[in-house]
Amino acid sequence: MSQSLASRRIIAAVIAMFLVWLLASPVIHAHADVGLPPVNPGGSSLSPQETIQTHVRMVMEEVNLTVEPYERPIPAHMSDNPGFWMRVLVDGKFVMRNMGDAPETFDVWFPLAATTRYPDLLMYLTNSQPENIIQDFRVWVDGLPIDTRQVSGPALNLPEGESPWATFPVSFPARQDVVIRVSYTLYPGGWRPFGDVEYILQTGAGWVDTIGEATITVYLPDNITQESVSLGGNSIFGGPLEPQPAGYVVENNLITWHFNDLEPGPKDDIFLNVLEPQRYRRLLQARGKAAQADPANTDETAAAYLELARAAQEAVMIIKTVAHNGGGLALGDEATAAFARALELNPDQASIYSEYARWLMIVTRGWMQLETQGTCPQEVCDLVQRGLEKFPQDAELQKLDIRFKDSLRMHHTEVAIATQDAMATQNAMATITRQTTMTQMALPTKTPKPSNTYIPASPTAQPTVLPTPAPTGVGSLCPAGLTSIIVVGMFASMTAYRRRI
C-alpha cells in the first residue's frame, strides 16, 4: 500500500466519523453554486422625517423611469452586475398639499439606497461600496433648486439597520400646494443580462391620508416583448419575475401603473426585470439578417444563422442552465436551432462545431453529467468527434476533447479509489467488531447482587433468565450503524480525492 493511499484512507476515516456526527445535527439547506445577485439601489418616493406628525398630503405623484444602455468602467468581480451596462434616468413630480390651518416647515427625506428584495445584501454593499447609492440626486421646490445633505437613517425593510438618505427643508403654507420635483440616476441590480428596475412606493405612506393619484411609467428603448422584459415565471430564488404589482398596462415601449387613493405598502412597490437594451437590439438585428439572407448563398446564410445563435444565447440568463428570465427557454431553443442550421449550411467552419458543442453542454446540463457520471451527452461527443475528424488541429475542439477525456479518467479513478477505501473501511470495522466481541466473551460474568426484599419461592416458578446487559463502546454498533459509516466513508473518500485532484 502506497503512503499516499494510506494517507487518503486515514483522512477518509476521519471525515467519515465527522460526517456521521454531522448527519445527526440539524440540516441546513443551501443553493449549490448560486450566490446572491449583485444588488443596486432602487428608486423611491418622498417621505417626511420620522418624528414629524404632519398635515401634509401627497395629492399627486407622477414618476417616469427611462431605461437606456450605458456602459461604465467595471470594478473587479462585478462583471455580472447589469448596473455597469444599463442605467435608469428617473424624474419625479410630487404635488404636496398642507391640509391643516397652520404652516409647517420640516425636513423631507428621500432614501438613497432602497430595495425591497435584498435589504440585507444592499446594506452590506452600501457599507463596503459607498458609491452604491442613487446617483446625481437633485431637488427643486416650486421650480427653484434646493441643496440637499446626506444623513444616515433606518434602512428600508430593515429598521434595525442603517442606510443613507438625502434630506432637504421644505415649507408648506396652510391650505396651499407645493410642487417638489426630483431627478436621479439608478443602476439596475440582478444578474446579467437582465437588470432589476425598482421604484419603492411604500415610503409615501408617511404623509397624511392616502396618495390621491399616482402614475409610474417605465420607458424602454424598444417595444416590450416577452424577451425584452420578463412577463412571467419565477427567479431561481422563487420570487416572481413578472412586473409587480398587477394591474399594469403595456403599450408599445411603455409599461404604466396607475393608482387612486393609494395607501402604499410593500405590495405596491414597482418591480421590472429588463434585458440589457443592446442585447435585445442585437437579437432583433440578427433575426432580420437570418430572415433576409439569400438561400442560394450558403456561406452568407450560415453566417447569419451563426450570428442569430450567438445573439439568442447572449439574451438568455444562464445559471447552471437556462433560467426563466425573459424569453428563457424559447430563446434557448432558438439558439440551438440556429447553431444546427449554421452547421448544416457550412460544415467546413471549425468554430461552429466548438461553439455549438459548448452551448449544448449548457442546455443539456452536460457539464454536471460530466462531473458526476464521467460521461458527456452523446450528441455533444459525436459533434466534437465530427469536428475533430475535419479539423484535427483546431485548438478549441482539442480543449473540449481533452476535458471530456480527463473527466472520464478522473471519474473512473475516483470510483476505483472509493471502492478500495470502502473495502478497507469495511474490513477494518469487521476486525474491530470481532476483537470487541472476543473481549466481551473473555470478561467474567458479574453475579447480580441479591435484593433485600424477601420473595417466597413458588413451587411452579421457572428459573428466570436475566437479559445480558447491552455492551457499550465500539462493540455496541449495530449492523445498520456500520453500514451507514461505510457508506459515508465511501462518499468522504471520493470527496477528498476530488479536492486533491
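Residues numbered from 1 in each chain as written. Predicted model: local features only at pLDDT ≥ 70, side-chain atom pairs only at ≥ 80, totals over all residues. Heavy atoms only, no water.

Digging into the overall build of the chain
Broken down by element type, the chain carries 10 helices and 17 strands. Relative to its full complement of 501 residues, the chain shows a buried share of 45%. Sequence-distant contacts, at least 24 apart, represent 76% of the contacts inside the chain between residues at least 6 apart. Counting every atom, the chain has about 27,000 Å² of accessible surface; 56% of that belongs to carbon and sulfur. (Helix = DSSP H or I, 4+ residues; strand = E, 2+ residues; numbered from the N terminus. Buried < 20%, exposed > 50% of the residue type's maximum accessible area, 1.4 Å probe, protein only. Contact = heavy atoms within 4.5 Å. Areas by Shrake-Rupley, 256 points an atom, 1.4 Å probe, with all protein chains shown as cover.)

Focus: the packing of aromatic side chains
Counted according to the given criterion, the structure contains 11 aromatic pairs. Centroid distance Phe339 to Tyr356: 5.6 Å. Interplanar angle 15°. Geometry classified as stacked. A residue pair is termed long-range when its members are at least 10 positions apart, and Phe339 in helix H5 (residues 329-345) and Tyr356 in helix H6 (residues 350-363) qualify at 17 residues. As far as the burial class goes, Phe339 and Tyr356 line up, both buried. Note that Arg72 overlies the ring of Phe84, its terminal NZ or CZ placed 4.2 Å from the centroid. The positively charged end of Arg192 is found above the aromatic ring belonging to Trp85, 3.7 Å away from the centroid. (Phe/Tyr/Trp six-rings, centres within 6.5 Å; stacked < 30°, edge-to-face > 60°. Lys NZ or Arg CZ within 6 Å of the ring centre and 35° of its normal.)

What about the sheet that holds strand S6 (residues 135-141)?
Ordered by their spatial adjacency, eight strands build an open sheet running S7-S6-S10-S4-S3-S12-S14-S13, and the pairing between neighbours is mixed. Each edge of the open sheet is held by one strand with a lone partner, namely strand S7 (144-146) and strand S13 (249-251). The sheet shows a mean angle of 20° between the axes of neighbouring strands, taken without regard to direction. (Pairing = 2+ DSSP bridges. Axes fitted to C-alpha atoms, helices over the stretch in contact; angles between N-to-C directions.)

Some words on the environment of Ala315
As for its placement among the helices and strands, Ala315 is situated in the loop between helix H4 (298-314) and strand S16 (318-319). Counting along the chain gives 32 residues from Ala315 to Leu283, while the straight-line C-alpha distance between them is 7.3 Å. When near neighbours in sequence (up to four residues on either side) are disregarded, Ala315 contacts Pro193, Phe194, Leu275, Leu283 and Leu331.

Things to note about H4
With 17 residues, H4 should reach 24 Å at 1.5 Å per residue; the first-to-last C-alpha distance of 24 Å fits that figure. Within the span of H4, buried status applies to Thr301, Ala302, Ala304, Leu306, Leu308, Ala309, Ala311 and Ala312. Taken together, the buried residues of H4 touch helix H3 (277-292), H5 and H6. (Expected span 1.5 Å × (residues − 1).)

Quick look at the pairing of strand S10 (residues 177-186)
S10 sits mainly inside the fold: seven of its 10 residues count as buried. Sheet topology note: the S6/S10 ladder contains five bridges and is antiparallel. Bridge pairing in S10 places Gln135 opposite Thr185.

A closer look at unusual backbone geometry
Leaving glycine aside, a negative phi is the common case for residues, and trans is the common case for peptide bonds. A cis geometry characterises the amide bond from Arg192 onward to Pro193, with omega recorded as 5°. As for its position among the elements, Pro193 is in the loop between S10 and strand S11 (194-200). Across the junction of Gln244 and Pro245, the peptide omega takes the value -10°, indicating a cis bond. Here Pro245 shows up in the loop between strand S12 (211-219) and S13. Of note, the phi angle at Arg175 is positive, near 60°, even though the residue is not glycine.

Re the nonpolar core
Among the nonpolar cores identified, the biggest contains 48 residues, and Leu46, Phe172 and Ile180 are the most heavily contacted of them. Residue contacts for Leu46: discarding those within four places in its chain leaves Met58, Phe94, Val108, Trp109, Phe110, Phe168, Ile180, Val182, Thr203, Gly204 and Trp207. Residues Leu308, Ile319, Tyr356 and Leu360 belong to the second largest nonpolar core, which totals 42 residues. (Core = buried A, V, L, I, M, F, W, Y, C linked by side-chain atoms within 4.5 Å.)

Here's the deal with H5
The end-to-end C-alpha separation of H5 is 25 Å, in line with the 24 Å expected for 17 residues at 1.5 Å each. Of all the positions in H5, only Leu331, Gly332, Ala335, Ala338, Phe339, Ala342, Leu343 and Leu345 are classed as buried. Down the axis of H5, the smallest arc covering the buried residues is 165°, so these residues share one side. Away from its buried face by more than 90 degrees, H5 exposes Ala330, Asp333 and Glu344. Contacts from the buried residues of H5 go to H3, H4, H6 and helix H8 (378-390). (Arc of directions from axis to C-beta.)

Description of the side chain of Ser44
Secondary-structure assignment places Ser44 in strand S1 (residues 43-44). You can call Ser44 buried: its relative accessible area is 0%. Beyond its immediate chain neighbours, meaning those up to four positions away, Ser44 contacts Phe110, Pro111, Ala114, Tyr184, Tyr199, Ile200 and Thr203.

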